[in-house]
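Residue-level structural notes
The primary structure of each chain is shown beneath.
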Amino acid sequence: MKLFTHILQYEWKSLWRSNILKALLLVVLGAGIYGIYFGKFEIEKQETRMAQVQQYERQQFDSLLYWSTLDTTYEANQEKYQQAVSPTGVGWSKHFTYYLTHDAPPLAGLCLGQRDLFPVYYGFNVTDLARQVNVGELANPMKLLTGNFDLSYVFVFLIPLLIIALFYNIYAREKEGGTLSLLQSQPVSLTTILISKGLLRMLIVLLTVTVLLLLGFLLQGISLAQQFGLFMSWLLIIYGYCLLWTLLMGLVISLKRSAALSAMLGLGVWLIFTLITPALLNMFVSAQAPPPNRAEMIHAVRTLNDQNWEKPKSFVFDRFYQENPDFPSADTADFNQWYYASFTLLDDEANALKQQFEDQVAQRNQLLKRWEWLAPAAMVHEKLSALSQTDRRSHQDFVTEMYVYHEGLKDIYYDKIFSSEMFAPSDLETLSVRLSE
Amino acid sequence: MLNLIAKKEFLTALRDIRLQVSGGILLILMLTAVLVGKQGQQQLQQEREDAQAAMRAQWVNQGEKHPHSAAHYGQFAFKPKPVLSFLDVGLDNYTGVSVFLEAHKQNEILFSRAQDSNGMTRFGEMTAALIFQVLMPLLIIFLTFNTFSQEREEGTLKLIHGQGLSMAKLFWGKVGGIYGMVLLLFVPIIILAYLMLNQQSASLDTEVTTKFGAITLGYAIYFLVFVILGALVSAFARSSGVALLTLLGLWVIACIILPKATTNLASKLYPAPSQFEFRETIRNKVKNGIDGHNPSDVRLASLKEEVLEEHGVATIEELPVNWSGIAMQAGEEYTDQVYDQEFSSVESIFHRQNRLSEWIGFLNPYLAIRHLSMALAGTDFTHHVTFARAAENYRRDFVKVMNKDMEVNHKPTIEYSDYKVGQEFWSSIPPFQYELPSTANILATQWRSVAALLVWLVALALIGNQLAYRIPKL
């Protein structure tokens, strides 16, 4: 044991004196801190945007509330008053636009995941969602392709490189420096010495990632106490990943090749796991299970919409009452009741297709998941983004939440429309409370 | 003499088991990438052509209805999958593929593949471009890193020099031999890829051969740049080990870290508005006028006056033409103006972001070839914008025809639901067609990347020539 600490001590001294270790640590820490700030910057940008739409929504609704109190004996006030209390709005496309935001989970800034591929807020009114959800955030596709330089990127891509750089010459350096025979003449076996050298390097790596993760929490202002579980999960995953790379490098070293060849082999393994296997997987899955043709949904909706308008009103009402038998029977001459009934048909049509598409996508992702272990880098990244709730699934959950919110809106609006009533102050109050939730 | 050295380098490389293995792996990867890539491209293109044809049939057979209802029914435009995207998929997984074209509204181009995938997509797709841009330089590093340093370590460099061979000759001989080795891997794949261009390719893009040639030339230059760079580092490095580490370090920075950092920096330097701000600006400008002092109701009133005066009548009811048709077309045109302004301002932000990394191509040849390759393959941002423009112009044209018909033929006395046109009219609208930008056009927009590659080549060649005699022999 004493011998062991002895080796560690001297190995540490010689490592620390070489400028290579300092340079490597400096680069990795620098990259890590840049990544932390970049992640913070991106999330703050999203948060500003979400705050902006929420503020706008609040303002707009407050003016509606104010308009609903106007004195309608003045002609100038009448339109505004109507606008506020009428569940159908006044005129074309003057419905109130509600916004729902996909608030950033606490660790989103450490792993931006797929959050930049999807909108973080949706604006919609009480009419059909089918024609309102097909929007994207304005984004430079070049940036989407390149991906984000966040902390998870540093862990997944750069830390393995650090491990390779620290490990590749553990054996070869002794041999090429002529110290190998000296070591072999010692009472301890060469393996013990190599393992202790490896252990020291691993400690350095583990310490570096721990420091980086702590810095991530600190600089992004994430409370360690509240998110301790997530912190530990992240740490465990990254430790496991580091262990995997250490073992791989151990394999490379055990071949006892020259420093140059060991470095090449290490980099070769890195390329295979971070670049080649994920790229091959993507290629085969794209060929095996191409993504669905989503234009079909827009087509189906427009075709149905066309029929709604071209066919007699009973076309809409018949289908509407089949689905919603509880509604008070409509006044068939009433335009609004027909008009709003037609929206539900559009959504029904779209939802059936949407489900079908999601099933297709799920199948495709299942296929990717089954072979994920071939690409440990991608697997770790996927795990980290799942933990940070920035993966595709968390966006899907947000979309589901939006559908539920929209259903809730419809309950309030359709009730009034089908009984040909206006919003009472209490209804507006209910709606107003829903906003701030 | 030069040939002899080149031949010796070539043969040494060919006999090295390590290079046989890595070269073999690379060859297999390239074969897979090209074969699977081409098949995928063909399949996607077929799907999109079919979808486009099906939507066209829907349009023609939509039955009898009012032209304005037809404009709402709308049409679709599908983005063709460029032929050479099988070599370089570029931005294709991150840009939308189809757009719904309807009255009043400029829709987004939607449904990128990345949105239908999990996070794995971000790790890239195996394409020839990925191999050429990232893996090939690595192979070149392995081929070059010890070309001088090893001879120096073994003492043969001094011997060769002692025989009166100029170092410049030795340098270019080595570069030639190693480059020959690289071409041995590159040329067969390129020939194979060329042979895969078929009838469908030619009909999709008439200039495909020129573009293919330009891409090949671009990569050939890119490889040569790395070969000279590697030989130079090997010539002046203290040892083979140092040479290798230096080159690997440069590779990691150039191919892995810098591209990401550059793009992220660009998005910080030139921030783009959010979707919400963008839509709000458009809405406000349509409502209050582009200059803010020309609200929509005033615009409508003055248009009305103009039209009434033109026909010499006092009220809309007396007009011999359909007022709604005129008003709607005027509204469309004003909205189009606003859209154009706002879209081009966002586009120019994105272009500025991309241009930053094109400029950085002068520091990092990887970025230069990346942009050039994407552009020539038809998968860069410019191509996406060109398609968006083409689709939008098509939308405007057909909506205009619908409005015009309404203005002229839908007499004011007829009810909306009673005025209908049919198939003959729908088929008179030509189907959507889109021409890919020409090679000359692409090279003109990508002049920075072309220049960067050439600057790299010329500068390294000059440096090699100038410094060769100084290569340490011991």
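Check the entry above for the structure.
Residues numbered from 1 in each chain as written. Chains lettered and ligands numbered in written order. Predicted model: local features only at pLDDT ≥ 70, side-chain atom pairs only at ≥ 80, totals over all residues. Heavy atoms only, no water.

Now for the overall build of chain B. The helix and strand inventory of chain B stands at 18 helices and three strands. For a compact globule of 474 residues, the expected C-alpha radius of gyration is about 23 Å, and chain B comes in at 30 Å, more than 25% above that figure. Viewed in the frame of its principal axes, chain B has a C-alpha envelope of about 105 × 45 × 40 Å. With 474 residues in all, chain B has 57% of them scored as buried. Element-wise, carbon and sulfur atoms account for 61% of the exposed surface of chain B, whose accessible area totals about 19800 Å². (Helix = DSSP H or I, 4+ residues; strand = E, 2+ residues; numbered from the N terminus. Rg over C-alpha atoms; globule rule 2.2 N^0.38 Å. Buried < 20%, exposed > 50% of the residue type's maximum accessible area, 1.4 Å probe, protein only. Areas by Shrake-Rupley, 256 points an atom, 1.4 Å probe, with all protein chains shown as cover.)

A tally of regular secondary structure across chain A gives 16 helices and two strands. Against the 2.2 N^0.38 benchmark of 22 Å for 437 residues, chain A shows a C-alpha radius of gyration of 30 Å, more extended than a compact globule. When the 437 residues of chain A are sorted by exposure, 55% land in the buried category. Expressed as a percentage of contacts within chain A between residues at least 6 apart in sequence, the contacts between residues at least 24 apart total 78%. Surface exposure of chain A reaches about 19900 Å², of which carbon and sulfur atoms provide 59%. Of the charged side chains in chain A, 34 are positive and 41 negative, and the gap between their average positions amounts to 18 Å. (Contact = heavy atoms within 4.5 Å. Lys, Arg positive; Asp, Glu negative; His and termini not counted. Charge placed at Lys NZ, Arg CZ, Asp CG, Glu CD.)

Let us look at the packing of helix α2 (residues 17–60) of chain B against helix α7 (residues 167–195) of chain B. Residue and element names in this part refer to chain B. Across the interface, α2 lies against α7 with an axial gap of 10 Å and an inter-helix angle of 15 degrees. With respect to α7, the axis of α2 lies roughly parallel. Helix-helix and strand crossings are classified by hand; for α2 and α7 the assignment is right-handed. On α7, the residues that touch G23, L26, L27, M30, L31, V34 and L35 of α2 are L185, I189, L192 and A193. Broken down by class, the residue content of the contact of α2 with α7 amounts to 10 nonpolar, one polar and no charged. (Axes fitted to C-alpha atoms, helices over the stretch in contact; angles between N-to-C directions. Parallel < 35°, antiparallel > 145°, perpendicular 65-115°, else oblique. Left-handed = near helix turned anticlockwise from the far one by under 90°. Nonpolar A, V, L, I, M, F, W, Y, C, P; charged D, E, K, R; others polar.)

All names here are of chain B. Taken together, the three strands give an open sheet; going across it, the order is β1-β2-β3, and neighbouring strands pair in antiparallel fashion. Strands with a single pairing partner mark the edges of an open sheet, and in this sheet they are β1 (75–78) and β3 (105–106). The sheet contact formed by β1 and strand β2 (residues 98–102) spans four bridges and is antiparallel. Pairing of F78 across the sheet is with S98, part of β2. (Pairing = 2+ DSSP bridges.)

To continue, consider the interface of chain B and chain A. Facing 80 residues of chain B, the contacting portion of chain A comprises 80 residues. For the chain B and chain A pair, buried surface summed over both sides reaches about 7500 Å², with 66% attributable to carbon and sulfur atoms. The largest per-residue losses of area from chain B upon contact with chain A belong to D116(B), R122(B) and F123(B), which jointly make up 11% of the total buried on that side. Of the charged contacts in the structure, one is a salt bridge between R122(B) and D116(A), with a shortest N-O distance of 3.0 Å. Considering every element that reaches the side of chain B that touches chain A, the biggest residue donor is helix α10 (residues 240–269) of chain B, with 15 residues. When the residues that make up the side of chain B that touches chain A are grouped by side-chain class, the tally is 41 nonpolar, 23 polar and 16 charged. (Buried area = accessible area lost by both parts, 1.4 Å probe. Salt bridge = Lys/Arg side-chain N within 4 Å of Asp/Glu carboxyl O.)

This paragraph deals with a negative patch on the surface. On the surface, E47(A), D103(A), D397(A) and E401(A) cluster together into a negatively charged patch. In this structure, D397(A) sits in helix α15 (residues 392–418). (Patch = residues over 30% accessible without salt bridge, like charges linked within 9 Å, V, L, I, M, F, W, Y side chains within 5 Å.)

On to the nonpolar core. Core analysis: the largest hydrophobic core is formed by 170 residues, its most contacted members being W270(A), M126(B), F223(B) and W251(B). The leading source of residues in this core is helix α9 (residues 208–236) of chain B, at 17 residues. Ignoring any residue separated from it by four or fewer positions in sequence, one finds W270(A) in contact with F157(A), P160(A), L161(A), I164(A), W245(A), L275(A), W251(B) and I256(B). Membership of the second largest hydrophobic core comes to 46 residues, among which are L64(A), F317(A), W338(A) and L428(A). (Core = buried A, V, L, I, M, F, W, Y, C linked by side-chain atoms within 4.5 Å.)

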